[in-house]
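What follows is each chain in one-letter form.
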Amino acid sequence: MTQPTEETFVGEGGLKIFLRSWKPAGTPRAVVAVCHGFNSHSGHYLWVADQLVAKGFAVYALDLRGRGKSEGERYFINKFQEYIGDVHAMIKIAKSREPGLPVFLLGHSAGGVIASSYALDHQSELAGLICESFAFRVYAPEFALSLLKGLAHLTPHLHVLRLPIKDFSRDPKVVEAMNNDPFVKDEVQPTLTVAEMWRADERLTLEFSLITLPVLILHGAADVVTKPGGSQQFFDNAGSADKTLKLYEGHVHDLLNDLDKEKVMADIANWVEKHLPA
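The numbering scheme is per chain: residues are counted from 1 as the chain's sequence reads. Restriction of local features to residues with pLDDT of at least 70 applies here, the model being predicted, together with a cutoff of 80 or more for giving and counting side-chain atom pairs; totals for whole chains, interfaces and linings are based on all residues. Side-chain measures here rest on the full set of heavy atoms in the structure, leaving out hydrogens and waters.

A separate point is the overall build of the protein. Working definition: helices are DSSP H or I runs of at least four residues, strands are E runs of at least two. Numbering for both runs from the N terminus. Along its length, the protein carries eight helices and ten strands. Computed over C-alpha atoms, the radius of gyration of the protein comes to 17 Å, within 12% of the 19 Å expected from 2.2 N^0.38 for 278 residues, which places it in the range of a compact globule. On the principal axes, the C-alpha backbone points of the protein span a range of 50 × 40 × 40 Å. A total of 278 residues make up the protein; the buried ones form 56% of that total. Any two residues having at least one pair of non-hydrogen atoms within 4.5 Å are treated as being in contact. In the protein, once contacts between residues fewer than 6 apart in sequence are set aside, the share between residues at least 24 apart is 77%. The atom set for the radius of gyration is the C-alpha atoms, and the globule formula is 2.2 Å times the number of residues raised to the power 0.38. Working definition: with a 1.4 Å probe on protein chains only, accessible area under 20% of the residue-type maximum means buried, over 50% means exposed, and in between means partly exposed.

Right, let's get into the sheet that holds strand β5 (residues 103–108). In short, DSSP must find at least two bridges between two strands for them to pair. Read from one edge of the open sheet, eight strands run β1-β2-β4-β3-β5-β6-β9-β10, paired in mixed fashion. The sheet is open, and its two edges are formed by β1 (5–10) and β10 (243–248), each paired on a single side. Strand-to-strand, the axes of this sheet are offset by a mean angle of 20 degrees, without reference to chain direction. Inspection of the sheet shows strand β3 (residues 30–35) paired to strand β4 (residues 57–62) by six bridges, in the parallel sense. Within β4, the residue paired with Ala-33 across the bridge is Tyr-60. Note on geometry: axes are C-alpha line fits, over the in-contact stretch for helices, and angles between N-to-C directions span 0 to 180 degrees. Contacts from helix α8 (residues 261–274) reach β4, β5, β6 (128–132), β9 (215–220) and β10, with the element oriented near 175 degrees to β9.

Bringing the packing of helix α1 (residues 46–54) against α8 into the picture now. At a closest axis distance of 11 Å, the pairing of α1 and α8 adopts a crossing angle of 45 degrees. Between α1 and α8, the angle falls in the class oblique. Crossing handedness for the pair α1 and α8: right-handed. Between α1 and α8, the residues in contact are Trp-47, Val-48, Gln-51 and Leu-52 and Lys-261, Glu-262 and Met-265, respectively. To sort the angles, those under 35 degrees are grouped as roughly parallel, those over 145 as roughly antiparallel, those from 65 to 115 as roughly perpendicular, and the leftovers as oblique. By definition, turning the near helix anticlockwise from the far helix through less than a right angle yields a left-handed crossing, and turning it clockwise yields a right-handed one.

So, about the state of the cysteines. Any pair of cysteine sulfurs within 2.5 Å is marked as a disulfide. On inspection of all chains with the given rule, the structure shows zero disulfides. There is no disulfide at Cys-35, and the cysteine sulfur nearest it, in Cys-131, is 10 Å away. Assessed through its relative accessible area of 0%, Cys-131 is described here as buried.

This is the structure in structure tokens:
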């Protein structure tokens, strides 16, 4: 397995954000930047990075603020823009080190919301967007989400949302590893983080049509953490003429840490390959 370079950079508001990066032996052909979701961090992408590096791609993956090895109050954000700013800083680092290479942004779950929102603001920075298990529609009633938005003003730091680890993968070894991972085993989302995520989803609802870069959207049909219908809605409303939706029968939430992950990885690598400059 290719060993990553580990470092930190200064993110929004001066926090130190942890970054892993991997390089192929030869000259890279493209960059894939990874934005993980909730109950995750860049350490969950070691296998993914290894597969992409084998294809000749450089890989950069951050730990979102308050998660993994990054600084910040655990799982907390004041504003959604903090996430976007941190991703932007990661991509600037990647571009400075891999000048002239196309950059593809891969976001999983909540990271898909972050990646899509980043694309709205910085489309010219990207050659393509890969959105996996998009957390655009979740299994929670609208009234409950509205209540959380109200609670966020009163008790922004109250931890209220725990995502069930058992629903992330059908691979018992992955679930066991997550349950033993000190960075995710006790993860509960604060009210303000949930409210800011929902506000980001509301913005995307209004502005999907403004996303015009190539888009690959992936979702497990058996996902009970985020709704496949949210990915369908993204596909139906995205403004891009070059957009692809793949639904995987029987697959659950964390496609790249689930059984039969090799099929999903092959689809991602092939799509990136097809979108490289001639």
